[in-house]
Amino acid sequence: MSDFVNNQSYFDDDPLNSTGVSKRSLVLFFLIDVSGSMKGTKIGELNTAMEELIPEIRRIGEADTDVKIAILKFSTGCSWMYSEPISIEEFEWSRLTANGITDMGDAFTELSTKMSRSNFLNAPSLSFAPVIFLMTDGYPTDDYKAGLKRLNSNTWYKYALKVALGIGKEANDAMLAEFTENPDTVVHAYSGVQLANLIKKVAVTSSQIGSKSMTLTDNGSNRELSEQDVANRKQQELGKQIKDIAKNDEFSDVFDAGW
């Protein structure tokens, strides 16, 4: 039997070697499908939800946590909204448009490349494991498994909090569970109002859990467990809260004819 106790748990270049610093960094990665099937209501609702989400994320974390956002959009190829993660205090949403196919594997490969101390996780302070939020309305048109294999070899991805949101009837929850490695951290939106509701609730919940300073101890022996145990417990906590969000979603029975 294990439980949480307050403590500092950080990620360094190895990325698990820790030293004493006062400022912690948390990067929130959003991987967003902007393929042609997202045109119209879907991309419009997503843009609005993300604009409304930013002020809520600004209230997340403790005073000594530096929260940053990185947006990777993918369709035919992929590209970052900004050339580096932006502090939540300075971040401004740039509205997305939709076109092209769904090169999700390309996005996975690009994410793996940037999730390192030599790229997007180069904060001078030590860091919490990142939070990664994938949103898509369809099945990948490229070899997503090759990209996912690259991600699986990335230590930051191994310890990251991962959540996925399927948008509309064509999104494949089984494939999204391959990305999150936990079906409990996959949710599905079938309408515009449900999409907006889930983006905000799930993103805020993921960020809150990701920014917690904690470690695990064994009640019996007071033995400190590994960083992998900490990551697994955070992922389990996220899965439980997401299931509660989905179960209590007031918009769960609302469908938009346009979808």
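Residues numbered from 1 in each chain as written. Predicted model: local features only at pLDDT ≥ 70, side-chain atom pairs only at ≥ 80, totals over all residues. Heavy atoms only, no water.

Asks: Outline the packing of helix 6 (residues 192–210) against helix 7 (residues 227–247), listing residues and values.
Replies: Between helix 6 and helix 7, whose axes approach to 10 Å, the crossing angle comes to 155°. The pairing of helix 6 with helix 7 is recorded here as roughly antiparallel in orientation. The two elements helix 6 and helix 7 cross, and the hand of that crossing is right-handed. Mapping the contact onto sequence places Leu198, Lys201, Val202, Thr205, Ser206, Ile209 and Gly210 in helix 6 and Lys234, Glu237, Leu238, Gln241, Ile242 and Ile245 in helix 7. Partitioned by chemical class, the residues of the contact of helix 6 with helix 7 number six nonpolar, four polar and three charged. (Axes fitted to C-alpha atoms, helices over the stretch in contact; angles between N-to-C directions. Helix = DSSP H or I, 4+ residues; strand = E, 2+ residues; numbered from the N terminus. Parallel < 35°, antiparallel > 145°, perpendicular 65-115°, else oblique. Left-handed = near helix turned anticlockwise from the far one by under 90°. Contact = heavy atoms within 4.5 Å. Nonpolar A, V, L, I, M, F, W, Y, C, P; charged D, E, K, R; others polar.)

Asks: Describe the pairing of strand 2 (residues 24–33), with residues and values.
Replies: Burial runs high along strand 2: ten of the ten residues are buried. The alternating pattern of strand 2 places Arg24, Leu26, Leu28, Phe30 and Ile32 and Ser25, Val27, Phe29, Leu31 and Asp33 on opposite faces, both of which are buried. Bridge count between strand 2 and strand 3 (residues 65–75): ten bridges; the pairing is parallel. Residue pairing in the sheet places Asp33 in a bridge with Phe74 of strand 3. Pairing geometry for strand 2 and strand 6 (residues 131–136), over five bridges, is parallel. Among the inter-strand pairings, Phe29 is bridged to a residue of strand 6, identified as Ile132. (Buried < 20%, exposed > 50% of the residue type's maximum accessible area, 1.4 Å probe, protein only. Pairing = 2+ DSSP bridges.)

Asks: Quick rundown of the packing of aromatic side chains? Include the residues and the values.
Replies: Scanning all chains against the criterion turns up eight aromatic pairs. Taking the centre distance of 4.7 Å and the plane angle of 65° together, the rings of Trp80 and Phe120 count as edge-to-face. One end of the pair, Trp80, is in strand 4 (residues 77–80); the other, Phe120, is in the loop between helix 2 (104–114) and strand 6, with 40 residues separating them in the sequence. Of the two residues, Trp80 and Phe120, both sit in the buried class. With 5.8 Å between their ring centres and 85° between their planes, Tyr139 and Tyr144 make a pair best called edge-to-face. The class of Tyr139 is partly exposed, set by a relative accessible area of 43%. Each residue in the set Phe29, Trp80 and Phe120 is aromatic and connected to the rest through ring pairs, giving one cluster. Of note, Lys114 hangs over the ring of Phe120, and the distance from its end group to the ring centre comes to 5.9 Å. Its end group placed over the ring of Tyr157, Lys162 keeps NZ or CZ at 4.5 Å from the ring centre. (Phe/Tyr/Trp six-rings, centres within 6.5 Å; stacked < 30°, edge-to-face > 60°. Lys NZ or Arg CZ within 6 Å of the ring centre and 35° of its normal.)

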